[in-house]
Amino acid sequence: MTSGAKLTQCRRDPFYRTNVVKNYCGPEELVTLLTPELRFPCSKFSHLLFKCSTDCPPMPAADVNTTWTLAIRAAADQGHPRRAVALYLSSLRSACRPCPFALAAVLKSVSRLFAAHPLLSAAAGSLHAHLLRLGLLAHPYPRAALTHLYARLPDTSHAHSLLDETPPRPVWGRAQAHSLLVSRNSLLASLLRSGDLAAARSLFDCMPVRDVVSWNSMVAGLAKAGHLDEAIELFDRMPERNAASWNALMCGYIAQGNLSKARELFEQMPVRSNVSWITMISGYTKSGDVHAAGELFERIENKKDLYAWNAMVSCYTKNGCAREALAVFNRMLKPHVWVMPNEKTFSSVISACSQLGDLRFGLWAESFMGSVGIALDDHLRTALVDLHTKSGRMDRAFDLFRGLGMRDVVSYSAMIVGCGMNGMFNEAVNLFKEMSDAKIDPNAVTFVGLLSAYSNAGLMEEARACFSSMSVKYKISPSMEHYTIMVDLLGRSGKLNEAYQLIVQMPMKPDASVWGALLLACRLHNDVELGEIAGYKCFELEPGESGYYILLGNIYVEANEWDKVKRLRNIMAEKGLNKMPGSSWVQAA
DNA sequence: CTAGGGTTAG
């Protein structure tokens, strides 16, 4: 196309008169805008991958454009959006004539790269102008892709205009009709994602043509928003169903916590996709049914993909089965299985390591990530912060924390808990202040960190004030863990009765950790009466644990209650509990 | 050839 023709087409476009055209950027500006987002993780491995895809064998000149297009689309389809965009930028530098199909792939990649990124809007605007200038905005594929990009913005008005301004007399025939359907589906999905059910409904109702995707989006949106009846009604009316339709309904039941109904659907659906298995497994993950999840995982029919492995690793991690999580991780790395883990896998793996306090494996995982070129995202950084604080490496934890792109409740809490644990009381309080200044609301975990910081510093009044402000000011009801910290602090400071009163008025049934904290305090201050109460509660709650017997026994010994010592020893013998090393009182009796 | 259903951190 000559530049004159380009300009004419450009002027004919309704967007020419809008300020979109002011955003125009030529190849160089486009490169500048997109490049910071394209940085490859510094590693030989990814560099190699990048090289492989650019080092094409020599081609006849006429085929060069096609080759670029194929390479760009292949990268986008195989889930390498960075590589796709980088390839496109390279093709511009080598004066390749942009092909609409390549641009559609680039737009798709950009929307994946910039999802929820503050620059998404700028990127969309520039690419819009870019398309306009190339005269490709009217082409159905890039146009639909751009609509998709705009639909992902909080403000969907640009997406709407693109749809509305579509020339009524199709230049592109069937492709354009299909493109319109796809664009509407994009917009529909975005409206549902942002929870605007009414707008989604009205779009859906006035769509001239609907396909499975439109119906599925609607069913999924309604089901997730809790309108299960409406979702089922639509599901029944669907002219055609696929696995995704069933998955959408399953999701709805899982969101309501109705696992049995979800499982029923799962078993009766005609064809199960990978997603169906993973949806069900993640449902069991949330409900804490590790066993059912594991069984399903083993039953997966086709090859388990990365999503499946990640779902299983995270299932074990989230439910406190760290050993099992690492076992599953090891399985996926076995040569005959070999699924390449990604940052999501490592987030769970690192978290499992810190649950176990296994710094060595955690550090191995960290270096492994470095060597295969997995960049640290905020989730991973937060998991690593947790690992390092639990191993007492606070300087490294602070480095990781300061390197976060965005700090949120989770990362602040991880840091505050770490400071609390490592006796860095001042830092914990400062972080809490910093967090409040940043208008980030604390949650239950934040207060675990703060309270343990006060507790470690022995600051009784501050802890009390914090404990009460947590429910009064922040509307967070204290959990078992908060009570345990308070009982421990009160008890260690000798306020045994107050600690006991706190336990008695707890809204939930105190567990062994709470009574154990009191028992420990009683041992410290040699209180036989309360120690007995706490001890017997512990025996009841954790019958197999001999440590509680030894604690209470030592309290008896200190008070010269030898009859009671003897009785305790008999109970232990009856239950077949072994004497622990250091349980000298048993011998003394 | 684009659009929908799934996996991540305290």
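Criteria and cut-off values
- Residues numbered from 1 in each chain as written.
- Chains lettered and ligands numbered in written order.
- Predicted model: local features only at pLDDT ≥ 70, side-chain atom pairs only at ≥ 80, totals over all residues.
- Heavy atoms only, no water.
- Helix = DSSP H or I, 4+ residues; strand = E, 2+ residues; numbered from the N terminus.
- Buried < 20%, exposed > 50% of the residue type's maximum accessible area, 1.4 Å probe, protein only.
- Contact = heavy atoms within 4.5 Å.
- Areas by Shrake-Rupley, 256 points an atom, 1.4 Å probe, with all protein chains shown as cover.
- Near = heavy atom within 4 Å.
- Polar contact = N/O pair within 3.5 Å; in protein donor to acceptor, adjacent residues only side chain to side chain.
- Nonpolar A, V, L, I, M, F, W, Y, C, P; charged D, E, K, R; others polar.
- UniProt positions renumbered as here; feature names shortened; annotations may be inferred.
- Phe/Tyr/Trp six-rings, centres within 6.5 Å; stacked < 30°, edge-to-face > 60°.
- Lys NZ or Arg CZ within 6 Å of the ring centre and 35° of its normal.
- Axes fitted to C-alpha atoms, helices over the stretch in contact; angles between N-to-C directions.
- Parallel < 35°, antiparallel > 145°, perpendicular 65-115°, else oblique.
- Left-handed = near helix turned anticlockwise from the far one by under 90°.
- Salt bridge = Lys/Arg side-chain N within 4 Å of Asp/Glu carboxyl O.
- Expected span 1.5 Å × (residues − 1).

- Within an unreviewed UniProt entry, the label attached to chain A reads Pentacotripeptide-repeat region of PRORP domain-containing protein, and the organism entered is Oryza brachyantha.

**Examining the overall build of chain A**
So, point 1. Broken down by element type, chain A carries 34 helices and 0 strands.
So, point 2. A burial count over chain A gives 48% of its 589 residues as buried.
So, point 3. Relative to all contacts within chain A whose residues are 6 or more apart in sequence, the contacts with residues 24 or more apart total 61%.
So, point 4. Carbon together with sulfur atoms contributes 55% to the accessible area of chain A, which is approximately 28900 Å² in total.

**Structural notes on the protein's contact with DNA strand B**
So, point 1. Taken together, 47 residues sit near DNA strand B, with Arg73, Phe101, Asn216, Ile278 and Asn443 positioned nearest.
So, point 2. Counted by atom, the contact set of DNA strand B within 4 Å of the protein is 42% sugar and phosphate.
So, point 3. Asn216 is positioned with one of its side-chain polar atoms (N or O) 2.2 Å from a base nitrogen of DNA strand B.
So, point 4. Contact distances for DNA strand B include 3.1 Å between a base nitrogen and a side-chain N or O atom of Asp408.
So, point 5. Looking at the surface near DNA strand B residue by residue, the classes come out as 15 nonpolar, 21 polar and 11 charged.

**Things to note about the UniProt feature "repeat: PPR" (unreviewed entry) in chain A**
So, point 1. With numbering aligned to this structure, UniProt lists the feature "repeat: PPR" (unreviewed entry) at residues 211-245, 273-303, 305-339 and 408-442.
So, point 2. Here residues 211-245 is 74% helix and 0% strand, with 12 Å between the C-alpha atoms at its ends.
So, point 3. A helix fraction of 71% and a strand fraction of 0% characterise residues 305-339, whose end C-alpha atoms lie 7 Å from each other.

**Considering the packing of aromatic side chains**
So, point 1. In the structure shown here, the tally under the stated rule is 19 aromatic pairs.
So, point 2. With a centroid separation of 5.8 Å and an interplanar angle of 40°, the aromatic rings of Phe346 and Phe368 are classed as tilted. Here Phe346, found in helix 20 (residues 343-356), pairs with Phe368, found in helix 21 (residues 359-372); they are 22 residues apart in sequence, far enough to count as distant.
So, point 3. Exposure remark for Phe346: the relative accessible area of 0% places this residue in the buried category.
So, point 4. On the basis of relative accessibility, which here comes to 16%, the residue Phe368 falls in the buried class.
So, point 5. Here Phe432 and Tyr474 contribute two aromatic rings whose centre-to-centre distance is 6.3 Å and whose plane-to-plane angle is 75°, an arrangement assigned as edge-to-face. Taken together, the residues Phe432 in helix 25 (residues 425-437) and Tyr474 in the loop between helix 27 (460-472) and helix 28 (480-492) connect sequence positions 42 residues apart.
So, point 6. Its relative accessible area of 24% is what places Tyr474 among the partly exposed residues.
So, point 7. Its guanidinium or amino end placed over the ring of Phe266, Arg272 lies 5.1 Å from that ring's centre, counting from NZ or CZ.
So, point 8. The aromatic ring of Phe401 is capped on one face by Arg407, whose charged end is 5.1 Å from the ring centroid.

**A few points about the side chain of Ser91**
So, point 1. Along the chain, Ser91 falls in helix 5 (residues 81-93).
So, point 2. The class for Ser91 is buried, based on a relative accessible area of 2%.
So, point 3. Those residues in contact with Ser91, other than ones at most four positions away along the chain, are Trp68, Ile72 and Cys96.

**Description of unusual backbone geometry**
So, point 1. Backbone geometry places Asn526, a non-glycine residue, at a positive phi of 50°.
So, point 2. Relative to the elements of secondary structure, Asn526 occurs in the loop between helix 30 (512-525) and helix 31 (528-541).

**Some points on the packing of helix 17 (residues 290-299) against helix 18 (residues 306-318)**
Geometry of a packed helix pair, given as the angle between the helix axes and the separation of the axes.
So, point 1. Contact pair helix 17 / helix 18: the axes reach a minimum separation of 10 Å and the direction vectors enclose 160°. By the angle class used here, helix 17 and helix 18 are roughly antiparallel. Seen from above, helix 17 lies across helix 18 with left-handed handedness. Touching Val290, Ala293, Gly294 and Phe297 of helix 17 are Ala308, Trp309, Met312, Cys315 and Tyr316, all from helix 18.
So, point 2. Considered class by class, the residues forming the contact of helix 17 with helix 18 number 8 nonpolar, 1 polar and no charged.

**As for the pattern of salt bridges**
So, point 1. For the structure shown, the criterion picks out 17 salt bridges.
So, point 2. For Arg331, the salt bridge is made with Glu298, and the minimal N-O distance between the two is 3.0 Å. Of the two residues, Arg331 is situated in helix 19 (residues 322-333) and Glu298 in helix 17; the sequence distance between them amounts to 33 residues.
So, point 3. For Glu434, the salt bridge is made with Arg402, and the minimal N-O distance between the two is 3.4 Å. Of this pair, Glu434 sits in helix 25 while Arg402 sits in helix 23 (residues 394-402); the two residues are 32 residues apart in sequence, bridging distant segments of the chain.
So, point 4. With a relative accessible area of 41%, Arg402 lands in the partly exposed category.

**Regarding the side chain of Thr279**
So, point 1. Its place among the elements puts Thr279 in helix 16 (residues 274-287).
So, point 2. Setting aside chain neighbours within four positions, we find Thr279 in contact with Met250, Cys251 and Ile254.

**So, helix 22 (residues 378-390)**
So, point 1. In this model helix 22 runs 18 Å from its N-terminal to its C-terminal C-alpha over 13 residues, within 8% of the 18 Å that 1.5 Å per residue would give.
So, point 2. Counting buried residues along helix 22, 10 of its 13 residues qualify, which places the element largely inside the surrounding structure.
So, point 3. On its buried side, helix 22 packs onto helix 20, helix 21, helix 23 and helix 24 (409-421).
So, point 4. Gly392 sits one or two positions beyond helix 22 and adopts a positive phi of about 75°.

**So, the packing of helix 28 against helix 30**
So, point 1. Contact geometry of helix 28 with helix 30 gives a least axis separation of 8 Å together with a crossing angle of 5°. One element, helix 28, and the other, helix 30, form an angle in the roughly parallel class. Contacts from Met480, Thr484, Val487, Asp488, Gly491 and Arg492 of helix 28 reach helix 30 at Ser513, Val514, Ala517, Leu518, Ala521, Leu524 and His525.
So, point 2. Its residues assigned to classes, the contact of helix 28 with helix 30 shows 7 nonpolar, 4 polar and 2 charged.

**Looking at the environment of Thr317**
So, point 1. Following the sequence through the fold, Thr317 ends up in helix 18.
So, point 2. Spatially, the C-alpha atoms of Thr317 and Thr285 are 9.6 Å apart, while their sequence positions differ by 32 residues.

**Some words on the environment of Glu481**
So, point 1. Within the element layout of this structure, Glu481 appears in helix 28.
So, point 2. Here Glu481 falls in the partly exposed class, since its relative accessible area comes to 47%.
So, point 3. Taking the C-alpha atoms as reference points, Glu481 and Ser513, separated by 32 residues in sequence, lie 8.3 Å from one another.

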